[in-house]
Amino acid sequence: MTERQLQPLLHELVGVVLAPTSALGDRAGQIRPAGVQGVFHADARVLSRAELRIDDREPEALAHGPDGPHGARFVGLARWLGDPGADPSVRVERARRAGPHGLDEEIRVVSTAAVPVRTAVSVDLGCDLAPIEVVKSGGAATPIEARTGQPGGVRWAADGITVTVTGEGARVDTGRATAPRLSWPVDLGPGGTATLRWRLRVDDPRAVVTAPTGEPNWSRPVVRADDRRLVRLLDRSLDDLRGLRLAEPAAPADVFLGAGVPWFLTLFGRDSLWAARMMLPLGTELAAGTLRVLARRQGARLDPATGEAPGKMLHELRRHEFAMLGEGLRLPPAYYGTVDATMLWVALLHDAWRWGLPADQIEPLLPHLEAALGWLDGHADADGDGLVEYVDTTGHGLTNQGWKDSGDAVRFRDGRLAAPPIVLAEVQGYAYQAAVGGADLLDAFGRPGADRWRGYADALATRFRAAFWVDGPHGPHPALALDRDKRPVDSLTSNIGHLLGTGLLSGEEESQVAHLLTGDALAGGFGLRTMSTGDAGFSPLSYHCGSIWAHDTAIVLAGLARAGFREAALGLADGLLGAAEAFDHRLPELYGGDDRTLLGRPVPYPAACRPQAWSAAAAVLLLHAATGLHPDVPNGRVALRPLAGPELGAVSVQGLRVAGARVDVHVDATGHATLANLPPTLTLIPAVPSPRRTPDAAVQASPDRS
């Protein structure tokens, strides 16, 4: 039997990141030549091995934990050294820190022994410069032969990348050319300590992403909350977001967030847009950088090979073709195979404007807005039926091009796969929101066409209402999608939650959707399942058909909170916070959709990115929902509709930003909210708790589809 080539697991690995560099090793701190372990820079694995030994033996692992925002610390024991007896007297500490151009590591051998300790410390190295897609496919790469350089240094070079490792005071043994060794003799007196250091540096002039200039330009708010899980999650998430910042080499001041470690540490249109949108309560600068980066790469021509079309926004950017071994997937370096990034770009521009993005930063983007809207009513609707659809015409691109982009993501209730072209439910909501928000921007800046886009939105809502609603076991609901023959794909999925707040649904329809999002079939795990347990395609560890995604849950709970479905939002918030505790406050890309009762904690998805941009940014969106701060700077007003209060507890936040000004929000345990330091040009709408809407009244009857 032919052995299957499997994507390597990484859920138990310990990662550090300061983009574009990241490192993954095991819980002992070792980086072994196996799976996805290694140090990565942009799209290449620049170190495939870094194994520490004491007297040519591995220390026994004891503990590990974060060491600052971009580091990790590991503690091990060398029990064969030091005093006799049960208590260990020689420990080995290993501190690893990522930097934008490499990695630094410090090794401390600490003795509490009453006798002298003599030992030898060594680090075995390796480099294969494997492309990330080869690693992701479970493929292997041949180690590259090392060359000696400066004293204590070794060097590898291939494909335009140069990797150098230097050990301070180390001896270099290159007898094994593909596995050179750094070594240090150590002599410790009683109670002595030795500190050893080595560093990795990468010269990669062909990388398509780089470290941005300066420090993060978003606010780091001071948060106090009765539910301390929220504080711990936010602190770790902001550290991770700091490490995920990227820029293009030609424009290092325009910052965006790389999607995730290790597979997607580059520009991803959808991921970078959603993450920037979630981060708006901390300032508009990240949104502005993300908008400009994508605007520069906005489609200008029709190219079926790349998916480019006039006005369309980019999906992902790589240094070379991204070819997954054994899967037939081959994506060009600049790939446009996304149905939703263009609409999300418009939504981010609109929302940033409402949060106070200055007019002089919006005006240069207005031609790109008009081009994006033009794509919406043109190439996005190939058959002219007024709905937005997608299809991969190349045979080697992404079969599905919404956020659930795995090949089996769009399935009927009975488990059958839908045939393309596909019309996704949430994409129609994004299209409606982009048309209305785009019209508001056009009006505000004196550009023509606003009435056309409001008319487009009205017609889209009518078509959606007629085509998408189906009757299921839990009551009427929007279908996941329409297939090639415009048949509703009738599975019940989390996609319908993205419709909340877009304007596409009536109040009655929102109430019915909220009811479905509250039931155990979707909400019985630690968050919102991507597919209900009643669908034949459901599997708790399916990438998009039953797992739970942190960003998906956060988007939906924020929509529920804003629409007034308080209990439904609180239930999802509690699930998300429970998951955060289980994952040491670093939410992964996704995790299992099992019932909470199975283990009392979520089951890891073994190949999930961690950290991941929109999962980390979900913490900010959760904080935003808790405070209920909703600015409309162009119209001079701010509303407060907090989710915090009796159930979630009191929340106090210092350092949110509205129109560039620092503002503070306090919500007490009763749900009463106050706002301080609001700019004098803005008026506060009287603060009230989020209204309590109950979805139950809509359950018995189908929404009006006339």
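Scope of this entry: the structure provided in the associated data block. (Residues numbered from 1 in each chain as written. Predicted model: local features only at pLDDT ≥ 70, side-chain atom pairs only at ≥ 80, totals over all residues. Heavy atoms only, no water.)

With respect to the sheet that holds strand β6 (residues 60-66)
- The eight strands lie next to each other as β6-β7-β8-β9-β16-β13-β12-β11, forming an open sheet whose pairing is antiparallel. In this open sheet, the two strands that pair with only one neighbour each are β6 and β11 (147-148).
- Bridge analysis of β11 against strand β12 (residues 153-158) gives two bridges, and the strand direction is antiparallel. Paired with R147 across the bridge in β12 is R155. (Pairing = 2+ DSSP bridges. Helix = DSSP H or I, 4+ residues; strand = E, 2+ residues; numbered from the N terminus.)

So, the packing of helix α3 (residues 269-278) against helix α4 (residues 285-296)
- At a minimum axis distance of 9 Å, the contact between α3 and α4 shows a crossing angle of 155 degrees. On the basis of their axis angle, the class for α3 and α4 is roughly antiparallel. α3 and α4 meet at a crossing whose hand is left-handed. Facing G269, S272, L273 and A276 of α3, the residues of α4 in contact are L286, A287, T290 and L294. (Axes fitted to C-alpha atoms, helices over the stretch in contact; angles between N-to-C directions. Parallel < 35°, antiparallel > 145°, perpendicular 65-115°, else oblique. Left-handed = near helix turned anticlockwise from the far one by under 90°. Contact = heavy atoms within 4.5 Å.)

Some words on unusual backbone geometry
- Of the consecutive residues A19 and P20, the connecting peptide bond is found in the cis state with omega at 10 degrees.
- By the secondary structure assignment, P20 is in the loop between β1 (14-18) and β2 (21-25).
- P420 connects to P421 through a cis peptide bond whose omega is 0 degrees.
- By the secondary structure assignment, P421 is in the loop between α7 (366-376) and β24 (423-424).
- Unlike most non-glycine residues, D159 shows phi in positive territory, near 55 degrees.
- Looking at where D159 falls in the secondary structure, it is placed in the loop between β12 and β13 (161-167).
- Relative accessible area serves as the criterion here: at 57%, D159 is assigned to the exposed category.
- Look at H585: it is not a glycine, yet its phi comes out positive at around 70 degrees.
- Here H585 lies in the loop between α13 (566-582) and β30 (590-591). (Buried < 20%, exposed > 50% of the residue type's maximum accessible area, 1.4 Å probe, protein only.)

What about the packing of aromatic side chains?
- Under the defined criterion, the tally for this structure stands at ten aromatic pairs.
- Judged by centre distance (5.2 Å) and plane angle (70 degrees), the ring pair of F264 and F268 falls under edge-to-face. Each member of the pair F264 and F268 is classed as buried.
- Within the aromatic cluster, the residues linked to one another by ring pairs are W403, Y543, W549, Y605 and W614.
- When the ring centre of F412 is taken as reference, the NZ or CZ atom of R416 above it lies at 4.3 Å. (Phe/Tyr/Trp six-rings, centres within 6.5 Å; stacked < 30°, edge-to-face > 60°. Lys NZ or Arg CZ within 6 Å of the ring centre and 35° of its normal.)

Points about the nonpolar core
- Membership of the largest hydrophobic core comes to 170 residues, with the highest contact counts inside it found for W345, V410, L560 and L629.
- The element that contributes the greatest number of residues to this core is helix α14 (residues 613-627), accounting for twelve residues.
- The residues contacting L629, other than those within four sequence positions of it, are W355, H624, V638, A639, L640, L656, V658, V663, V665 and L675.
- The next biggest cluster of nonpolar side chains, apart from the first, holds 46 residues, and it includes I31, I107, V109 and A113. (Core = buried A, V, L, I, M, F, W, Y, C linked by side-chain atoms within 4.5 Å.)

Thoughts on the pairing of strand β9 (residues 102-111)
- With respect to burial, β9 is a largely interior element, seven of its ten residues being buried.
- Across ten bridges, strand β8 (residues 90-99) lies against β9 in antiparallel orientation. Each residue of the ladder has a partner; that of V92, found in β9, is V109.
- Between β8 and the antiparallel strand that follows it, β9, lie two residues.

Regarding the pattern of salt bridges
- According to the stated counting rule, one finds 58 salt bridges in the structure shown.
- We note a salt bridge from E58 to R32, for which the minimum N-O separation is 2.9 Å. Taken together, the residues span a long stretch of sequence, with E58 in the loop between β5 (49-54) and β6 and R32 in the loop between β2 and β3 (38-41) at a distance of 26 residues.
- Accessibility expressed as a relative area gives 23% for R32, which makes it partly exposed.
- The partner of E389 in a salt bridge is K486, with the nearest N and O atoms 3.4 Å apart. Taken together, the residues span a long stretch of sequence, with E389 in the loop between α7 and β24 and K486 in the loop between β27 (481-482) and β28 (488-489) at a distance of 97 residues.
- Residue E389 is classed as buried on the basis of its relative accessible area of 9%.
- Exposure remark for K486: the relative accessible area of 32% places this residue in the partly exposed category.
- When salt bridges with common partners are traced through the structure, they connect D26, R32, R49, E51, R53, D56, E58, D124 and R181 into a single cluster. (Salt bridge = Lys/Arg side-chain N within 4 Å of Asp/Glu carboxyl O.)

Everything listed is a geometric property; what it means functionally is a separate question.
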